[in-house]
Amino acid sequence: MGSTVKQFYPYHQHLAKTRVFSVISELELDHIKSQKLHEQQYQQNISALQPISLYRKLY
């Protein structure tokens, strides 16, 4: 892919690099959002279990 882009005129090289960067940035943001969602779900699951554990320790 790189060798193909090197054959483009500078303007088209710029367009190709900009579009590729845009796609990668979009995917990176999706990945970050997905990680945060999984972390929140994990924390909610842990929080849901803690009161049961505390209750069992008290009685």
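Residues numbered from 1 in each chain as written. Predicted model: local features only at pLDDT ≥ 70, side-chain atom pairs only at ≥ 80, totals over all residues. Heavy atoms only, no water.

Chemist: What exactly am I supposed to notice about the overall build of the protein here?
Modeler: Per the secondary structure count, the protein includes 2 helices and 0 strands. Across the 59 residues in the protein, those meeting the buried criterion constitute 2%. Counting only carbon and sulfur atoms, one obtains 61% of the accessible surface of the protein, whose full area is about 5,900 Å². (Helix = DSSP H or I, 4+ residues; strand = E, 2+ residues; numbered from the N terminus. Buried < 20%, exposed > 50% of the residue type's maximum accessible area, 1.4 Å probe, protein only. Areas by Shrake-Rupley, 256 points an atom, 1.4 Å probe, with all protein chains shown as cover.)

Chemist: Got a minute to help me understand a nonpolar patch on the surface in this structure?
Modeler: Taken together, the side chains of M1, V20 and I24 present a nonpolar region at the surface, about 340 Å² in accessible area. Within the fold, M1 resides in the segment before α1 (2-6). (Patch = residues over 30% accessible without salt bridge, like charges linked within 9 Å, V, L, I, M, F, W, Y side chains within 5 Å. Salt bridge = Lys/Arg side-chain N within 4 Å of Asp/Glu carboxyl O.)

Any functional reading would require information that these geometric values do not contain.
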